[in-house]
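Descriptive structure summary
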Amino acid sequence: MRRKLVAFTAAVAGVLVTAVIALAGTNTYRGPMYWSCFCDGSSPYASQWIENWFVKSTSGISDTMVTLIDNTSYSWHGTVRSTASAQKAWWVSSVVKKGYCKFYGGTAFNGSCFVAS
Amino acid sequence: MRRKRVVIVAGAVTIAGLALGGIASGLHRTAGTPSAAPDIRSRPGTVEQVAQFTSENGRPGRQVVLQRTDDGYVCLWDTPDGAAEHGVGGCNPAADPLGGRKLLVSLAYDGGPALSTVHDARLSGLAAPDVAAARLVMTDGTTRSIALSRVATRALAGKDYRPFAYRVRQSDLGKGIAPVAVLVLDADGRVVDRQVTGIG
């Protein structure tokens, strides 16, 4: 009985380790929250980010934008603006950068912004 | 006593493992959280080119691809090479790819946020099957015609939407003229939807 329990625990621990590894390459920097303000958010600066996502509970009615901003010229890269339910900015570069997301207008929603490597 | 401790630890590890494993694998999905992000890994037969940006004035050509994801999204990507993973754009639930509207449009650009530093701005999107024409409204009040394609999209998106790709003229950007809205019109020339957009 005890041996089976230990084996099962080891298997579940393996799943946990895999899950932690899968989640380690992302940073949720704004939300999950109710976006009732026309506000924005920024991730920490890091060189490994290549994707910046805005995931929303609405589609077609909330006008938002995601981009990646470098820390030298502060220029925007791979920017995209739309009302889509999920948006992705993408920019591959070794420079240090941050994710930035903004809600311009339309209907409030539940949403999150996160960067991924 | 020791056995009780083993059972408690095993239980805690099991709950944490299943919860984290579920989140990582997308089983526990809550709208508006990262767990609801589409799985955009490309698989054969799930991604098709529907429009393109031709190369011009040093700006390379790009492909606009439509993707149907395994987890129930229809996505439209503006990509350098046709790979959804390398695209900028967005996704809506496959049950309603236009999100209850007559158009889905993404404005993508590099440079900015000051208009004078934007060096490539592009609009890509889908219009409803009954849309006859599309126009881009600029900050000076003038309009630009956007060509709509008749590429079949039914297999991936459920209906034959009208994809489009429009590259903003560098001469417009150079004069400080930028996009502010996209209009779509029916066969009688009536505006049936309007999507606000803009740079910065």
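Relevant structure appears above.
Predicted model only: the values in this text are computed from it and were never measured.

The rules behind each value
Residues numbered from 1 in each chain as written. Chains lettered and ligands numbered in written order. Predicted model: local features only at pLDDT ≥ 70, side-chain atom pairs only at ≥ 80, totals over all residues. Helix = DSSP H or I, 4+ residues; strand = E, 2+ residues; numbered from the N terminus. Buried ≥ 20, exposed ≤ 12 C-beta atoms within 10 Å, placed from the backbone. Contact = placed C-beta atoms within 7 Å. Pairing = 2+ DSSP bridges. Axes fitted to C-alpha atoms, helices over the stretch in contact; angles between N-to-C directions. Core = buried A, V, L, I, M, F, W, Y, C linked by C-beta atoms within 7 Å.

1. Digging into the overall build of chain A
Along its length, chain A carries 1 helix and 8 strands. Listing each helix as α and each strand as β along chain A from the N terminus yields α-β-β-β-β-β-β-β-β. With 117 residues in all, chain A has 46% of them scored as buried. When contacts within chain A are restricted to residue pairs at least 6 apart in sequence, long-range pairs at least 24 apart make up 70% of them.

2. Quick notes on the overall build of chain B
A count of helical and extended segments in chain B gives 3 helices and 11 strands. Reading chain B from its N terminus to its C terminus gives the helix and strand order α-β-β-β-β-β-β-β-β-α-β-α-β-β. Here chain B holds 200 residues, and 38% of them are scored as buried. Taking contacts inside chain B between residues at least 6 apart in sequence as the whole, the part at least 24 apart equals 49%.

3. Details of the sheet that holds strand S8 (residues 143–146) of chain B
Residues and elements named next belong to chain B. Strand order in the open sheet made by the 4 strands is S8-S7-S10-S11, with antiparallel pairing throughout. The outermost strands of the open sheet, each flanked by one partner alone, are S8 and strand S11 (191–196). Averaged over all pairs of adjacent strands, the angle between their axes in this sheet comes to 25°, without regard to strand direction. Pairing between strand S10 (residues 179–185) and S11: 5 bridges, direction antiparallel.

4. Remarks on the sheet that holds strand S4 (residues 88–93) of chain B
Within the open sheet, the 8 strands sit side by side as S1(A)-S8(A)-S3(A)-S6(A)-S4(B)-S3(B)-S2(B)-S1(B). Their pairing is antiparallel. Bordering the open sheet on either side are strand S1 (26–35) of chain A together with strand S1 (47–53) of chain B, each of which pairs with just one other strand. Averaged over neighbouring strand pairs, the angle between their axes works out to 15° when direction is ignored. In the sheet, strand S6 (residues 86–90) of chain A pairs with S4(B) via 3 bridges, with the strands oriented antiparallel. Counted as the bridge partner of Gln87(A) is Gly90(B) from S4(B).

5. A word on the nonpolar core
One recurring pattern in soluble globular proteins is that nonpolar side chains are buried together. Residues Trp53(A), Val66(A), Cys75(B), Leu103(B) and Ala127(B) are the most contacted members of the largest nonpolar core, which totals 66 residues. Top contributing element to this core by residue count: strand S5 (residues 103–110) of chain B, with 6 residues. Not counting the four nearest positions on each side in its chain, Cys75(B) is found in contact with Pro38(B), Ile40(B), Gln67(B), Thr69(B), Ala84(B), Gly89(B), Gly90(B) and Cys91(B).

6. Details of unusual backbone geometry
Between Gly31(A) and Pro32(A) the backbone carries a cis peptide bond, its omega angle lying at 0°. With an omega dihedral of 15°, the bond running from Gly112(B) to Pro113(B) counts as a cis peptide bond. One can find Pro113(B) in the loop between S5 and strand S6 (120–127). Although it is not a glycine, Tyr74(A) adopts a positive phi angle of roughly 60°. Within the fold, Tyr74(A) resides in the loop between strand S4 (62–70) and strand S5 (76–82). Exposure remark for Tyr74(A): the 10 C-beta atoms within 10 Å place this residue in the exposed category. The phi angle at Asn57(B) is positive, at roughly 50°, despite the residue not being glycine.

7. Regarding the pairing of S4(B)
Residues and elements named next belong to chain B. The buried count for S4 comes to 5 of 6 residues, which makes it a mostly enclosed element. As paired elements, strand S3 (residues 73–79) and S4 share 6 bridges and run antiparallel to each other. In the sheet register, Asp78 faces S4, and the bridge partner there is Val88.

8. Remarks on the environment of Leu148(B)
All names here are of chain B. Along the chain, the position of Leu148 falls in the loop between S8 and helix H2 (154–157). Of the residues examined, Leu148 has 19 C-beta atoms within 10 Å and is grouped as partly exposed. A sequence separation of 97 residues divides Leu148 from Ala51, and the C-alpha atoms of the two residues are 9.2 Å apart. Filtering out sequence-adjacent residues up to four positions away, Leu148 remains in contact with Ala127, Val131, Ala133, Ala134, Arg162 and Phe164.

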